[in-house]
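Commentary on secondary and tertiary structure
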Amino acid sequence: MNTILKVKNLEQRFELDKGILGKIKFKNGKFVKEERIVRAVNDISFSVDKGKVFSLVGESGCGKSTTARTIIKLIEPKGGTVEFAGENITDLTRTEMLKYRKRMQMIFQDPYASLNSKQKVLNIITEPMLFHGVAASKSEAKEKALDILGKVGIRPEQATRYPHQFSGGQRQRIGIARALAVEPEFIIADEPVSALDVSIQAQILNLLMDLKKEYNFSYLFIAHDLSVVKHISDDLGVMYLGKIVEKGSKVNIFDNPLHPYTKALFSSVPKLSGTNLKNSKGIRGEIPSSINLPSGCYFHDRCPYAKQICMEKMPTEREVENGHFVLCHLY
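Summary of the structure given here. All of these numbers come straight from a predicted model, not from anything done at the bench. (Residues numbered from 1 in each chain as written. Predicted model: local features only at pLDDT ≥ 70, side-chain atom pairs only at ≥ 80, totals over all residues. Heavy atoms only, no water.)

Moving on: the nonpolar core. Counting residues in hydrophobic clusters, the biggest one holds 58 residues, and the most contacted among them are I125, M129, V152, I176, L180, L208 and F221. Of the residues forming this core, the biggest block, 6 residues, is contributed by helix 7 (residues 198–215). Residues within four places of I125 in sequence aside, it is in contact with A145, L149, I174, A177, R178 and A181. One finds V38, L56, A68 and I72 within the second-largest nonpolar core, a separate group that totals 29 residues. (Core = buried A, V, L, I, M, F, W, Y, C linked by side-chain atoms within 4.5 Å. Buried < 20%, exposed > 50% of the residue type's maximum accessible area, 1.4 Å probe, protein only. Helix = DSSP H or I, 4+ residues; strand = E, 2+ residues; numbered from the N terminus. Contact = heavy atoms within 4.5 Å.)

Now the structure itself:
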């Protein structure tokens, strides 16, 4: 089997709870109960091959991070299935998921909030090792932890410090080390460089790629920066309002973007020559609310090519060329 992760028709939604009075509205001469639901992830499917990097890219609020947290079951899915290494993990309980926690790890976006401020770095790394049985003793765990910290650029004498004594880039390195500590097969990297200075971002990206070469694990990489995605991906999916509107190999999508939203994203990326700024086809209007999703294609009210059918019917995903899929009535 070459596929490590398979996501099919995944859905995630959240009910906005504002108390009973917040749900009651006066309509047509009577009081009615109004349900306000955020539809964050709307029937998406994709797969990640072993040893590969699949990236999800899109504007803030499009559902990328929610997708990541749902896949790893930090949030329970509301629909669809998630298969890991051929096993359906969608309905597993928290206890049943424990054996998969060792195999699936996550690097979080905020290196300031994702580390326990009351623990020393060495304990942050050794604790999961001992819990999952990666190390048989505290001394073995310490030896392994110092080795992993060294691989991510943290010196042995720094292991006895607390997270607040490190810079943002160093904290993210510690977060990476924590993910590596249990020897995972699959890592979800949720915008791992977006909170860092530009000068540090390249270092962390290069570190992630070097570790991938050494350990041969797979990544689901979440990002909104196309330059980051181009650097690190094998395949990618472009998300808009909880839908994957285009997916395929990095080469196909960067050389031949098909969906109008994808084209607009690429058009808005500044180039050194500056020639694309005057020719930029920026996305018009504002992204709609995920509480009141548009009818038909979610992008139709911002799309310069929208037809009547776009306003009335959601398009069906089509394979335009080998492995290159698009969700658009134009194809």
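Now that the structure has been shown, we can carry on.
Moving on to the packing of aromatic side chains. For the coordinates displayed, the defined rule picks out 9 aromatic pairs. Measuring from centroid to centroid gives 6.2 Å for F84 and Y100, while their planes differ by 85 degrees, and the two rings are edge-to-face. Taken together, the positions of F84 in strand 6 (residues 79–84) and Y100 in helix 3 (residues 98–101) put the pair 16 residues apart, joining distant regions of the chain. Both residues of the pair, F84 and Y100, belong to the buried class. Taken together, the ring pairs connect F84, Y100 and F186 into an aromatic cluster. The residue whose ring lies beneath K247 is F325, and the NZ or CZ to ring-centre distance is 5.4 Å. (Phe/Tyr/Trp six-rings, centres within 6.5 Å; stacked < 30°, edge-to-face > 60°. Lys NZ or Arg CZ within 6 Å of the ring centre and 35° of its normal.)

In this structure, the largest pocket spans a volume of roughly 510 Å³. Lining the largest pocket are 17 residues, and of these R101, Q105, P128, H132 and R178 sit closest to its centre. When contributions to the lining of the largest pocket are tallied by element, the ones reaching two or more residues are strand 8 (104–107), helix 4 (121–131) and helix 6 (168–180). For the lining of the largest pocket, the element with the most residues is helix 4, which contributes 4 residues. Here the residues of the lining of the largest pocket sort into 10 nonpolar, 4 polar and 3 charged. The space that makes up the second largest pocket amounts to roughly 250 Å³. Taken together, F46, S47, D49, F54, D235, L236, K247, G248, S249, E317, G323 and F325 form the lining of the second largest pocket. Listing elements by their share of the lining of the second largest pocket, those giving two or more residues are strand 4 (37–49), strand 11 (235–240) and strand 12 (243–249). Residues of the lining of the second largest pocket, tallied by class, amount to 4 nonpolar, 4 polar and 4 charged. (1 Å grid on protein atoms, 1.4 Å probe; cavity = no way out; pocket = protein on both sides within 12 Å on 5 of 7 lines; lining within 4 Å. Points joined across faces, edges and corners; volume = space filled by probe spheres on them. Nonpolar A, V, L, I, M, F, W, Y, C, P; charged D, E, K, R; others polar.)

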